[in-house]
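Next come the chains, spelled out residue by residue.
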Amino acid sequence: PAHSAGQSYTLTFPTTAPSSGKALVTDGSGNLSFSSAGGLNLISTTTISSGTANVDITSGIDSTYKNYQIHVLNLHPASDGQKIQMRFFNSSGIVTASSYGFATDGRREENTQLSHAGSGESYIRFSNQGIGYNSDESASIIINLFNPSDTTFQKTIQGNIVFINDGGNMCVEHFGGTYDGTFAVTGVRFYMTSGNIDSAIIKLYGIS
């Protein structure tokens, strides 16, 4: 009720301690519980410390959240000048059909414009330039995956990548991608145009 001298208030607290990262939320009737307060909710962390051809995230992408965000931190390729690519999983497995499309736009640090696009491809590509593989060169990426469990509309992603290319130049690109299909996405795969992913940390978040 609105505050006045004669009013009383009852707040019912939960009886158990919260887990890490939780906050008190109310149901509007004074009953409190520990839950996610909104924002990014960490679902999983995948750490690559030795070379692998494919990094698959096949758990945690479902109807729990409408939107998901993936952070790829300090991805280091095993081969110089390779580009990072992505494919979707559905209920039948990895989707490799030539029905992906993508477009990128960005800049190299000396102010060279970068752009790249593809249609009818078997992958989504994030950059125009290849990533350097020297010990101090890597790529970091943020990817937004929109409503993956929806089966009415085509699948879409959007994001940004910043990296050091194989010429030692910093590059930043914005990208979008799609698959011309209405299946529910259940996972994603990351891989290089050639060679292995040497190391990376990949975090999957649900957005509430």
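Here's what I pulled together on the structure shown here.

Scoring rules and cut-offs
Residues numbered from 1 in each chain as written. Predicted model: local features only at pLDDT ≥ 70, side-chain atom pairs only at ≥ 80, totals over all residues. Heavy atoms only, no water. Pairing = 2+ DSSP bridges. Helix = DSSP H or I, 4+ residues; strand = E, 2+ residues; numbered from the N terminus. Core = buried A, V, L, I, M, F, W, Y, C linked by side-chain atoms within 4.5 Å. Buried < 20%, exposed > 50% of the residue type's maximum accessible area, 1.4 Å probe, protein only. Contact = heavy atoms within 4.5 Å. Axes fitted to C-alpha atoms, helices over the stretch in contact; angles between N-to-C directions. Phe/Tyr/Trp six-rings, centres within 6.5 Å; stacked < 30°, edge-to-face > 60°.

One ladder, built from eight bridges, connects strand S8 (residues 100–108) with strand S9 (residues 113–121); its direction is antiparallel. Along S9, the bridge assignment pairs Tyr 100 with Glu 121. Hairpin connection, S8 to S9: the antiparallel pair is bridged by four residues, and Asn 111 has positive phi, about 80°.

The next point concerns the nonpolar core. One finds Ile 84, Phe 88, Phe 126, Ile 143, Ile 157 and Phe 190 to be the most contacted residues of the largest nonpolar core, which totals 40 residues. If near-sequence neighbours (up to four positions away) are discounted, Ile 143 is found in contact with Tyr 68, Gln 69, Ile 70, Val 72, Phe 126, Ile 157, Gln 158, Gly 159, Phe 175 and Phe 190.

Moving on to the sheet that holds strand S3 (residues 40–48). The strand order across the open sheet built from eight strands is S3-S15-S5-S11-S12-S13-S8-S9, with neighbouring strands paired in antiparallel fashion. The open sheet is flanked by S3 and S9, the only strands paired with a single partner. Along the sheet, successive strands turn relative to each other by an average axial angle of 15°, direction set aside. Sheet analysis places S8 next to strand S13 (residues 170–179), joined by nine bridges and oriented antiparallel. Bridge pairing in S13 links Thr 104 to Phe 175.

Here we take up the pairing of strand S15 (residues 197–207). Two elements, S3 and S15, share eight bridges in a ladder whose sense is antiparallel. The residue bridging Ser 44 from the neighbouring strand is Leu 204, located in S15.

By secondary structure assignment, the location of Gly 28 is in the loop between strand S1 (23–26) and strand S2 (32–35). Residues Gly 28 and Gln 69, spaced 41 residues apart in sequence, show a C-alpha to C-alpha distance of 29 Å.

Attention now goes to the packing of aromatic side chains. A complete count under the given rule lists seven aromatic pairs for this structure. Site record: aromatic cluster; members linked through ring pairs are Phe 88, Tyr 100, Tyr 179 and Phe 183.

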